[in-house]
Amino acid sequence: MPLKSKHLLGLDGMSREDITLILDTAVSFREVLERPIKKVPPLQGKTVANMFFENSTRTRLSFELAERRLSADVLAFQATGSSVSKGETLKDTARNIEAMKVDMVVMRHSAAGAPHYLVRVIDANVINAGDGGHEHPTQALLDMYTIREKLGRLEGLHVCIVGDIAHSRVARSNIYGLRTMGARVSVCGPATMIPRDIERLGVDVYHHIDDVLPTVDALNVLRIQMERDAGRLFPTLREYHNFYGVTRQRLEKAGRAITILHPGPINRDVEISADVADSEHSVILQQVLNGVAVRMAVLYLLSSRN
Ligand code: CP
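Residues numbered from 1 in each chain as written. Predicted model: local features only at pLDDT ≥ 70, side-chain atom pairs only at ≥ 80, totals over all residues. Heavy atoms only, no water.

1. Remarks on the overall build of the protein
For clarity, the cut-off: Runs of H or I in DSSP of at least four residues are treated as helices and runs of E of at least two as strands, each being numbered from the N terminus. Remark: exposure states derive from per-residue accessible area (1.4 Å probe, protein chains only) relative to the maximum for the residue type, with buried under 20%, exposed over 50%, and partly exposed in between. Whether two residues are in contact is decided by their heavy atoms, any of which lying within 4.5 Å being enough. Think of it this way: Lys and Arg go in the positive column, Asp and Glu in the negative one, and His and the chain ends go nowhere. Every charge is mapped onto a representative atom, which is NZ of Lys, CZ of Arg, CG of Asp or CD of Glu.
Looking only at helices and strands, one finds 11 helices and nine strands in the protein. When the backbone C-alpha atoms are referred to their principal axes, the protein occupies close to 55 × 45 × 35 Å. Counting only residues that meet the buried cut, the protein has 55% of its 306 residues in that class. Relative to all contacts within the protein whose residues are 6 or more apart in sequence, the contacts with residues 24 or more apart total 73%. Computing the positive centroid from 38 side-chain charges and the negative centroid from 36, the protein places the two 3 Å apart.

Below you can see the structure in the form of structure tokens.
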């Protein structure tokens, strides 16, 4: 069964069948990552360009590793040090890279909608690796994979996303994906961080984390994005930690084993206390490992469509 779309731009509108296909395919690739030789041939002869116009550690390295594990040739482009500094446009940059016979493009960009623009100017498959505050589909897919791996299902689970929902592409993609897969989704944060009409996406809204924790199965903790001036949305980091920080005390008070996710990078002792991040309920490093398998699945499924 091929994926319905030639590109992966977001999870908004992606069918349950396509999400399930990606997660199920990732299970096979996850097994490959446990082998002594962690390499398989499906993308042999294919070239993938990773175009990163914004900083990244996990997503960039994870895609690069996924491509190499699938035997693809990899082109790494970073805006810093490129001809973007001489004024070259996104369109010209992408078309020049594609002219080198590139089959697939993975792009991270600070502008929401940049990958949607890219599919109009190049023929290669495009994968969105995070576009501004819009979507980060492979992050949500690896989050869903990790929850499913740990808890056995997504349908009927209660997943809460806590933090700056308004500026989070991770939150948006998780809401779309988890709702499609039949999970109950809540968001929690101060009013300054919750979009006014978020209920329209089918989520429940909480402003007090202690109110939601007693019914939550998995908690996805978002990073306070200091580089996006998040400090203007609450008085001090200490206060944010006091009201919304995920601490062992809070989790114990909730009285249930809650699976803790975080897309990274984490601000220890701000949105999550260091001991919770390293606790037995944290799946943060499993998310990173599963991310490679999920990205292998996406690359493989889009390439087989061609
Ligand atoms: N989760 C995530 O997108 O991390 P990076 O910004 O390091 O890629």
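Here the narrative resumes.
2. A word on helix α8 (residues 237-244)
Stated formally: Here the arc refers to the set of directions running from the helix axis out to each C-beta atom.
Regarding α8, the residues found buried are Y240, H241 and Y244. In an axial view of α8, the angular spread of the buried residues amounts to 100°, which keeps them on one side of the axis. Away from the buried face of α8 by more than 90 degrees, exposed residues R238 and F243 are located. For α8, the elements touching its buried residues are β5 (158-162), β6 (184-188), α7 (209-212) and α9 (248-254).

3. Overview of the sheet that holds strand β3 (residues 104-109)
Let me state the cut-off plainly: Two strands qualify as a pair provided that DSSP identifies no fewer than 2 bridges between them. In this analysis, axes come from line fits to C-alpha atoms, helices being fitted only over the stretch in contact, and the angle between any two N-to-C directions falls in the range 0 to 180 degrees.
Taking strand neighbours across the sheet as the criterion, the four strands line up as β2-β1-β3-β4 in an open arrangement whose pairing is parallel. Only two strands of the sheet have a single neighbouring strand rather than two, namely β2 (73-78) and β4 (125-131). Pairs of neighbouring strands in the sheet enclose a mean axial angle of 15°, with direction left out of account. With five bridges joining them, strand β1 (residues 47-52) and β3 adopt parallel strand pairing. Bridge pairing in β3 places N50 opposite V106. Against the sheet, helix α2 (residues 58-69) contacts β1, β2, β3 and β4, and its axis sits at roughly 175° relative to β1.

4. Side note on the site of the ligand
Applicable threshold: Nearness here has a simple test: a residue counts as near a molecule or strand if at least one of its heavy atoms is within 4 Å of that partner. In the analysis that follows, any N or O atom pair within 3.5 Å is treated as a polar contact, provided that within protein one partner can donate a hydrogen and the other can accept it, and provided that, for residues neighboring in sequence, both atoms belong to side chains. Methods summary: accessible areas were calculated by the Shrake-Rupley approach with a probe of 1.4 Å, and residue burial reflects only the protein chains presented. Three classes are used, and their members are as follows: Ala, Val, Leu, Ile, Met, Phe, Trp, Tyr, Cys and Pro are nonpolar, Asp, Glu, Lys and Arg are charged, and the others, Gly among them, are polar.
Around the ligand, the structure places S56, T57, R58, T59, R108, H136, Q139, P263 and G264. Between the ligand and S56 there is a distance of 2.6 Å, counted from an oxygen atom to a side-chain nitrogen or oxygen. Here an oxygen atom of the ligand and a backbone polar atom of R58 are 3.0 Å apart. For the ligand, whose unbound accessible area comes to 250 Å², protein coverage reaches 90%. Looking at the shell around the ligand residue by residue, the class counts come to one nonpolar, six polar and two charged.

5. Let's talk about the packing of aromatic side chains
Stated precisely, the cut-off is as follows: Aromatic contacts are taken between Phe, Tyr and Trp rings whose centres are within 6.5 Å, Trp giving its six-membered ring; a plane angle under 30 degrees counts as stacked, one over 60 as edge-to-face, and the others as tilted.
Under the definition given, this model contains four aromatic pairs. With a centroid separation of 5.3 Å and an interplanar angle of 50°, the aromatic rings of F53 and F77 are classed as tilted. One end of the pair, F53, is in the loop between β1 and α2; the other, F77, is in strand β2, with 24 residues separating them in the sequence. There is no split in this pair, since F53 and F77 are both buried. Here F234 and Y240 contribute two aromatic rings whose centre-to-centre distance is 5.0 Å and whose plane-to-plane angle is 40°, an arrangement assigned as tilted. Here F234 matches Y240 in class, with each residue buried. Put simply, the rings of F234, Y240 and Y244 pair up and form one aromatic cluster.

6. A short note on the pattern of salt bridges
Selection criterion: Salt bridge, as applied in this entry: a Lys or Arg side-chain nitrogen positioned within 4 Å of an Asp or Glu carboxyl oxygen.
Scanning the model with the defined rule gives 13 salt bridges in all. The partner of D210 in a salt bridge is R250, with the nearest N and O atoms 3.0 Å apart. Taken together, the residues D210 in helix α7 and R250 in helix α9 connect sequence positions 40 residues apart. Residue R250 is classed as buried on the basis of its relative accessible area of 13%. A salt bridge links D275 to R248; the shortest N-O distance between them is 3.5 Å. With D275 in helix α10 (residues 274-277) and R248 in helix α9, this residue pair connects regions lying 27 residues apart in the sequence. Exposure remark for R248: the relative accessible area of 33% places this residue in the partly exposed category.

7. Remarks on the side chain of S279
Structurally, S279 is set in the loop between α10 and α11 (284-305). Owing to a relative accessible area of 12%, S279 belongs among the buried residues under this scheme. A distance of 2.9 Å separates a polar atom in the side chain of S279 from the backbone oxygen of V276.

8. Considerations on the sheet that holds strand β8 (residues 218-221)
Strand order across the open sheet formed by five strands is β7-β6-β5-β8-β9, with parallel pairing between neighbours. The sheet is open, and its two edges are formed by β7 (204-206) and β9 (259-261), each paired on a single side. For this sheet the average axis-to-axis angle between neighbouring strands, irrespective of direction, equals 25°. Against the sheet, helix α5 (residues 137-151) touches β5, β8 and β9, its axis set at about 160° to β9.

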